[in-house]
Amino acid sequence: VAQVICPASDISEHISTAGTEASGTSNMKFVMNGGLIIGTMDGANIEIREEGGEETMFIFGCLEDDVPKIKQRASTGDYPIDPRMQRVFESIRSGRFACGDSEAQDKFCDLIDKLCNVTAAGTWDGDRYLLIHDFPSYVAAQDSVDKTYADMPKWASLSI
């Protein structure tokens with residue numbers, strides 16, 4: 001009975017940096033079962049948007065053509081970190097999530113240090129996947145998801 005009356009998911013997150021083709025066909029399965037997508041314009045998300053329509057997807061992040069310009073600006077130090085993400089980094093650095101495990105804390109801090117190496121954004125020495133760049137638009141997309149989900153008739157019509 002559950003296979004008939006329950007959707008597979010309400011929403012599926014498919015997050016990859018534009019141009020990396022990391023978003024494969026698994027998201028197509030979610031869409032075929034009534035799930036909406038929050039993701040970047042990469043991989044199968046491009047095809048899904050063409051077939052399903054813009055309104056069935058919550059897109060965020062840079063486009064593939066933007067990546068070289070973002071990397072170039074970052075190499076000169078122009079790669080701002082959103083204050084909300086800074087607060088997350090500060091919370092992690094405080095040790096709150098390591099639960100007293102110093103080895104875990106060191107790994108967490110190393111990861112944050114790498115992400116904050118702003119002149120190396122887009123490379124393995126920095127924010128390889130441009131997470132810091134895409135974060136503000138990701139938050140905005142999540143806000144849009146929340147508002148749309150609150151309108152259940154609209155959500156249902158988008159998923160059918």
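### Some words on the nonpolar core
- Ranked by size, the top nonpolar core spans 17 residues in total, and within it Y79, I81, M85, F89, L130 and I132 carry the most contacts.
- When residues of this core are traced back to their parent elements, those giving at least two are α4 (67-75), α5 (83-93), α6 (102-115) and α7 (131-150).
- Formed by 8 residues, the second largest nonpolar core is a distinct cluster that contains L36, I38, F58 and V145.

### Things to note about α6
- Given a rise of 1.5 Å per residue, 14 residues ought to cover 20 Å, and the 20 Å separating the end C-alpha atoms of α6 matches this to within 8%.
- Among the residues of α6, those classed as buried are A104, Q105, C109, I112 and L115. Viewed along the axis of α6, the buried residues span an arc of 130°, placing them on a single side of the element. Residues of α6 that are exposed and point over 90 degrees away from its buried face: S102, E103, K107 and D110.
- Residues of α6 that are buried make contact with α5 and α7.
- The N-capping residue of α6, defined by a side-chain oxygen 3.0 Å from the backbone nitrogen of E103, is D101.

### Some details on the environment of G39
- Tracing the backbone through its elements, the reader meets G39 in strand β2 (residues 36-39).
- A C-alpha to C-alpha distance of 20 Å links G39 and K154, two positions 115 residues apart in sequence.
- Residues within four places of G39 in sequence aside, it is in contact with H14, N45, F58, I59 and F60.

### Considerations on the pattern of salt bridges
- Within the structure shown, the criterion is met by 6 salt bridges.
- Here K69 and D66 are joined by a salt bridge, their closest N and O atoms 3.8 Å apart.
- Owing to a relative accessible area of 47%, K69 belongs among the partly exposed residues under this scheme.
- Of the charged contacts, one joins R84 and D82 as a salt bridge, the two residues approaching to 2.8 Å between their closest N and O atoms.

### Observations regarding the sheet that holds strand β3 (residues 57-59)
- Taking strand neighbours across the sheet as the criterion, the 3 strands line up as β1-β2-β3 in an open arrangement whose pairing is parallel. Both outer strands of the open sheet, β1 (11-14) and β3, are each paired with one neighbouring strand and no more. Looking at each pair of strands side by side, their axes are set apart by 15° on average, direction ignored.
- Here β2 runs beside β3; their pairing, made up of 3 bridges, is parallel. From the neighbouring strand, I37 faces β3, where its bridge partner is M57.

### Let's talk about a negative patch on the surface
- Together, E21, E47, E50, E51, E64 and D65 line one region of the surface with negative charge.
- Structurally, E51 is set in helix α3 (residues 44-52).
- Note on E51: relative accessible area 73%, which makes it exposed.

### Side note on the packing of α5 against α6
- Across the interface, α5 lies against α6 with an axial gap of 9 Å and an inter-helix angle of 155°. Relative to α6, the element α5 is oriented roughly antiparallel. For the element pair α5 and α6, the recorded crossing hand is left-handed. On α6, the residues touching F89, I92 and R93 of α5 are Q105, F108, C109, I112, D113 and L115.
- Here the residues of the contact of α5 with α6 are counted per class, giving 6 nonpolar, 1 polar and 2 charged.

### Here we look at a nonpolar patch on the surface
- Together, W124, Y129 and L131 give the surface a local cluster of nonpolar side chains, amounting to about 350 Å² of exposed area.
- Note that Y129 resides in the loop between α6 and α7.

Conventions used here
- Along each chain, numbering runs from 1 in the same order as the chain's sequence is written.
- Given that this is a predicted model, residues contribute local features only at a pLDDT of at least 70 and side-chain atom pairs are listed and counted only at 80 or more, while totals for whole chains, interfaces and linings are drawn from all residues.
- To get the side-chain values, take all heavy atoms of the structure and skip hydrogens and water.
- Throughout, nonpolar core names a set of buried Ala, Val, Leu, Ile, Met, Phe, Trp, Tyr and Cys residues whose side chains join them through atoms within 4.5 Å.
- Only protein chains enter the accessibility calculation, which uses a 1.4 Å probe; a residue whose area is less than 20% of its type maximum is buried, one above 50% is exposed, and one in between is partly exposed.
- The way it works is that DSSP assigns letters per residue, a run of H or I at least four long becomes a helix, a run of E at least two long becomes a strand, and they are numbered from the N terminus.
- An expected span of 1.5 Å times one less than the residue number is assigned to each helix.
- In this description, one arc is meant: the one made by directions from the helix axis to the C-beta atoms.
- Here, residues are in contact when the closest pair of their heavy atoms is within 4.5 Å.
- Nitrogen and oxygen atoms within 3.5 Å of one another constitute a polar contact, given that in protein one can donate a hydrogen and the other can accept it, and given that sequence-neighbouring residues count only through two side-chain atoms.
- Note on definitions: salt bridges are taken to be side-chain nitrogens of Lys or Arg within 4 Å of carboxyl oxygens of Asp or Glu.
- Note: two strands are recorded as paired if DSSP finds a minimum of 2 bridges between them.
- Between N-to-C directions, angles cover 0 to 180 degrees, with each direction set by a line fitted to C-alpha atoms, over the stretch in contact for helices.
- For patches, a residue must show more than 30% relative accessible area and have no salt bridge; joins then use 9 Å for like charges and 5 Å for nonpolar side chains, namely Val, Leu, Ile, Met, Phe, Trp and Tyr.
- Where accessible areas are quoted, they stem from the Shrake-Rupley method and a 1.4 Å probe; at the residue level, only the protein chains shown are allowed to cover.
- Within this scheme the basic residues Lys and Arg register as positive and the acidic residues Asp and Glu register as negative, but His and the chain ends are omitted.
- Where a charge sits is defined by one atom per residue type, namely NZ (Lys), CZ (Arg), CG (Asp) or CD (Glu).
- Our angle categories are set so that under 35 degrees counts as roughly parallel, over 145 as roughly antiparallel, 65 to 115 as roughly perpendicular, and the remainder as oblique.
- Definitions for this section: a left-handed crossing has its near helix turned counterclockwise from the far helix by less than a right angle. A right-handed crossing has that turn clockwise.
- The classification used treats Ala, Val, Leu, Ile, Met, Phe, Trp, Tyr, Cys and Pro as nonpolar, Asp, Glu, Lys and Arg as charged, and all other residues, Gly among them, as polar.

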